[in-house]
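Coordinates in review
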Amino acid sequence: MIPPAEHFGQEGPQLSHYLRRATKILIFTGAGISTASGIPDFRGPDGVWKRRQPVYYDDFMRLEAARVEHWDYKLEGWAGFRDAQPNATHAAIVKLEHAGKLLAVVTQNIDGLHSRAGTSPGKLVELHGTNSSIECQTCGRRSDPQPHFETFRKTRQPPKCECGGFLKPATISFGQNLRMADIQHAEDFASKADLVVALGSTLSVYPAANIPLIAAAKGAPYVIINRGQTEHDGLPEVTLRLEGDVGDIFPSAVAESL
Ligand SMILES: [Zn+2]
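Residues numbered from 1 in each chain as written. Predicted model: local features only at pLDDT ≥ 70, side-chain atom pairs only at ≥ 80, totals over all residues. Heavy atoms only, no water.

**A short note on unusual backbone geometry**
- Following Tyr206, the chain continues into Pro207 via a peptide bond in cis, with omega recorded as 10°.
- Within the fold, Pro207 resides in the loop between strand S7 (195-199) and helix H9 (210-217).
- With a phi close to 60°, Arg156 is a non-glycine residue in the positive phi region.
- For Leu203, which is not glycine, the phi torsion reads 55° and is therefore positive.
- Along the chain, the position of Leu203 falls in the loop between S7 and H9. (Helix = DSSP H or I, 4+ residues; strand = E, 2+ residues; numbered from the N terminus.)

**Brief notes about the layout of surface pockets**
- There is about 260 Å³ of room inside the second largest pocket.
- If you trace the second largest pocket, you find 15 residues lining it, with Pro121, Gly122, Leu124, Val125 and Glu126 closest to the centre.
- Of the residues that constitute the lining of the second largest pocket, the class distribution is four nonpolar, eight polar and three charged. (1 Å grid on protein atoms, 1.4 Å probe; cavity = no way out; pocket = protein on both sides within 12 Å on 5 of 7 lines; lining within 4 Å. Points joined across faces, edges and corners; volume = space filled by probe spheres on them. Nonpolar A, V, L, I, M, F, W, Y, C, P; charged D, E, K, R; others polar.)

**Overview of the packing of aromatic side chains**
- Taken as a whole and judged by the stated rule, the model has four aromatic pairs.
- Taking 5.8 Å as the distance between ring centres and 55° as the angle between the ring planes, the aromatic pair formed by Tyr56 and Phe174 counts as tilted. Residue Tyr56 is found in the loop between strand S1 (25-29) and helix H3 (57-62), and its partner Phe174 is found in the loop between strand S6 (167-171) and helix H8 (180-192); the two are separated by 118 residues along the sequence.
- Overall, Tyr56 belongs to the partly exposed group, its relative accessible area being 43%.
- Among the residues examined, Phe174 registers a relative accessible area of 33% and is labelled partly exposed. (Phe/Tyr/Trp six-rings, centres within 6.5 Å; stacked < 30°, edge-to-face > 60°. Buried < 20%, exposed > 50% of the residue type's maximum accessible area, 1.4 Å probe, protein only.)

**Examining the sheet that holds S7**
- With parallel pairing, six strands are arranged side by side in an open sheet as S3-S2-S1-S7-S8-S9. Looking at the sheet topology across the chains shown, the edges are occupied by strand S3 (124-126) and strand S9 (240-243). On average, adjacent strands in this sheet sit at an angle of 15° to one another, irrespective of strand direction.
- The pairing of S1 with strand S2 (residues 102-107) spans five bridges and is parallel. Within S2, the position partnered with Ile27 by the bridge is Val105.
- Sitting on the sheet, H8 touches S1, S2 and S3, and the angle it makes with S3 is about 135°. (Pairing = 2+ DSSP bridges. Axes fitted to C-alpha atoms, helices over the stretch in contact; angles between N-to-C directions. Contact = heavy atoms within 4.5 Å.)

This is the structure:
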């Protein structure tokens, strides 16, 4: 069935063609896919960094006041992250996995929504970490955020691990390097993909934005869907560039391709 053109956009059938043909799809995602779930784009015009000073990782490790500030900032956003639900784009990616066509999802998002939607842990690389768990900065132990936020709300004391290490939401902070193992996983996936689709990312944050280019360099068609410009627009590696909201374009193309 060919869907009506106005529903799909004129490029839509072309996207479903690429999706239908591929068997090892790499999906690369950014903030634009989660705005429909109520997650604010923190780098956007109303983003949090217009109001708050980011806490750098070295300061977090060095200064109690910086740890209080970071926990206070994370507490402010916690209820929103905890209660956010995946949307049609996250679900469409899971459908590709169930159809045996998904190689991996590499995301810049820290909202945990791919995992909540049902993307398998072994196929998910969260390059910038996740708000869905708390991590000890000394022993690496992970735990559920809720009790730590409740304690912090009451005491204003940044929580510590049983080992004495500082606890921090498991996101990559300003001034903190990405995890080498995550970059390695993402690069391995990229080198094996037979199609790469970037969804809702301006492709302006590196090294994350290199991942789709690695796949394209190996010969995979490279499709970009985003509302607004991306830094990869116009590159010769880009096979198809669709302008608009990911939620309006991608889920229907996936449904068409399966
Ligand atoms: Zn610890």
